[in-house]
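This is what each chain is made of:
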Amino acid sequence: FDMVKLDWLNGEKIRKKTLAELADLILSEGFAEGWERDELLAALPIFQARIKVLPEFAQQALFVKSRVEPDLAGLAKKTKKVDPALLVTVLREAADDLLAREGQSDEEREGALRALADKHEIKVGALFMGLRIGVTGAMASPPLLPSIDLVGSAESVARVRALADLLVPAEH
């Protein structure tokens, strides 16, 4: 068997399911330990297009229910041209901004984050990567702002602030 093709085909079948069908399937197959059906229905819109096999849901969605160790090496690689102290400052400001903009549209929040990156003259990608790793722990994840909404603004902000605290250079 061509496993790549089989994974692709399986992913196609997953994407064709309704959210309710997919939630019931994930629950019945035991791939959502600790999840209630209504929680799955809320989370699946940002995961459905990303999973190729049902067991991937639990791993990809781990950050929703608990804090995941941030990929500091990945962050360092993606932000190597940014002064670490500046990144900390911008992440903290972004956290404050996200909390203040809770309930606003993705477009409004994204615009504000882009303006913040411009204000500090850092690349938008560096800011978004810092936020993504702060919230999800990973460099690759579902879309950032829907992930923040799913985790909850207060918890997402706490995670970003915790990441900023980890990035503060040790004083000697």
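All values reported here derive from a predicted model rather than from experimental measurement.

Student: If you had to explain helix α11 (residues 153-167) to someone new, which residues and values would you point to?
Tutor: Counted at 1.5 Å a residue, the expected span for α11 with its 15 residues is 21 Å, and the 21 Å between its end C-alpha atoms agrees. When α11 is considered as a whole, its buried residues turn out to be Ser153, Ser156, Val157, Arg159, Val160, Leu163 and Ala164. The buried side chains of α11 occupy one side of the element, clustering within an arc of 160° when seen end-on. Next to the buried residues of α11 lie α5 (62-65), α6 (72-78), α7 (84-100), α9 (124-136) and α10 (144-151).

Student: Help me get a handle on unusual backbone geometry, residues and values and all.
Tutor: For Glu121, which is not glycine, the phi torsion reads 55° and is therefore positive. Examined against the element boundaries, Glu121 turns out to sit in the loop between α8 (106-120) and α9. Of the residues examined, Glu121 reaches a relative accessible area of 73% and is grouped as exposed.

Student: Explain the packing of aromatic side chains residue by residue, including any values.
Tutor: For the coordinates displayed, the defined rule picks out 3 aromatic pairs. Ring centres of Trp35 and Phe57 lie 5.1 Å apart, and the angle between their planes is 65°; this geometry places the pair in the edge-to-face category. Here Trp35 is found in the loop between α2 (19-28) and α3 (37-47), whereas its partner Phe57 is found in helix α4 (residues 55-60), with 22 residues between them in sequence. Here a set of aromatic residues connected by ring pairs shows up, and it is made of Trp35, Phe47, Phe57 and Phe63. Over the aromatic face of Trp35 sits the side chain of Lys65, whose NZ or CZ is 5.0 Å from the ring centroid. When the ring centre of Phe128 is taken as origin, the NZ or CZ atom of Arg114, which lies over that ring, is 5.8 Å away.

Student: Give a detailed account of the nonpolar core, specifying residues and quantitative values.
Tutor: The nonpolar side chains of soluble globular proteins are, as a tendency, buried together. Counting residues in hydrophobic clusters, the biggest one holds 46 residues, and the most contacted among them are Phe57, Leu127 and Leu131. Elements supplying a minimum of two residues to this core: α2, α3, α5, α7, α8, α9, α10 and α11. It is α9 that provides the largest number of residues to this core, a total of 8 residues.

Student: Let's hear about the packing of α9 against α10: which residues, and what values?
Tutor: Each pair of packed helices can be described by the angle between their axes along with the distance between the axes. Put simply, α9 and α10 touch, their axes get as near as 10 Å, and they point 30° apart. Taken together, the axes of α9 and α10 are roughly parallel relative to one another. Seen along the crossing, α9 lies across α10 with a hand that is left-handed. Residues Phe128, Leu131, Arg132, Val135 and Thr136 of α9 form the contact with α10, whose own contacting residues are Leu144, Ser147, Ile148 and Val151. Of the residues in the contact of α9 with α10, the class split is 6 nonpolar, 2 polar and 1 charged.

Student: Explain α9 residue by residue, including any values.
Tutor: Here α9 is 13 residues long and its end C-alpha atoms lie 18 Å apart, about the 18 Å a rise of 1.5 Å per residue gives. Turning to α9, its buried residues are Val124, Ala126, Leu127, Phe128, Met129, Gly130, Leu131, Arg132, Ile133, Gly134, Val135 and Thr136. On the buried face of α9, the contacting elements are α5, α6, α7, α8, α10 and α11. Positive phi appears at Gly137, one or two residues downstream of α9, with a value of about 85°.

Student: For the side chain of Arg159, give the residues involved together with the corresponding values.
Tutor: Structurally, Arg159 can be placed in helix α11. In terms of polar contacts, Arg159 uses its side chain to reach the backbone carbonyl oxygen of Val135, at 2.7 Å. Apart from residues lying up to four places away in sequence, Arg159 is in contact with Phe63, Val64, Ser66, Arg67, Gly134, Val135 and Val151.

Scoring rules and cut-offs
Each chain has its residues counted from 1, following the order in which its sequence is written. Local features in this predicted model are restricted to residues of pLDDT 70 or higher, and side-chain atom pairs are both shown and tallied only at a pLDDT of 80 or more, whereas totals for entire chains, interfaces and linings draw on every residue. Note: side-chain values were computed over all heavy atoms of the structure, leaving out hydrogens and water. Under the DSSP-based scheme used, a helix requires at least four consecutive residues in state H or I and a strand at least two consecutive residues in state E, with every element numbered from the N terminus. Working rule for helices: expected span equals 1.5 Å times residues minus one. For each residue, the accessible area found with a 1.4 Å probe, counting protein chains only, is set against the maximum for its type, and the residue is called buried under 20%, exposed over 50%, and partly exposed in between. The arc refers to the directions leading from the helix axis to the C-beta atoms. Any two residues having at least one pair of non-hydrogen atoms within 4.5 Å are treated as being in contact. Only centres within 6.5 Å qualify two rings of Phe, Tyr or Trp (six-membered ring in Trp) as a pair; their planes then separate them into stacked at under 30 degrees, edge-to-face at over 60, and tilted for everything else. For a Lys NZ or an Arg CZ to count as sitting over a ring, it must be within 6 Å of the ring centre and within 35 degrees of the ring normal. Within this scheme, the nonpolar core is defined by two criteria: the residues are buried Ala, Val, Leu, Ile, Met, Phe, Trp, Tyr or Cys, and they are joined through side-chain atoms within 4.5 Å. Axis definition: a line fit to C-alpha positions, over the contact stretch in the case of helices; interaxial angles, taken between N-to-C directions, run 0 to 180 degrees. Throughout this description, any angle smaller than 35 degrees is read as roughly parallel, any larger than 145 degrees as roughly antiparallel, any in the 65 to 115 degree range as roughly perpendicular, and the remainder as oblique. Crossing handedness is read from the near helix: turned anticlockwise from the far helix by less than a right angle, it gives a left-handed crossing, and turned clockwise, a right-handed one. For this scheme, ten residues count as nonpolar: Ala, Val, Leu, Ile, Met, Phe, Trp, Tyr, Cys and Pro. Four count as charged, namely Asp, Glu, Lys and Arg, and the remainder, Gly too, count as polar. Each polar contact in these results corresponds to two N or O atoms within 3.5 Å; when the atoms are within protein, one needs to be able to donate a hydrogen and the other to accept it, and residues that are neighboring in sequence are counted only if both atoms are side-chain atoms.

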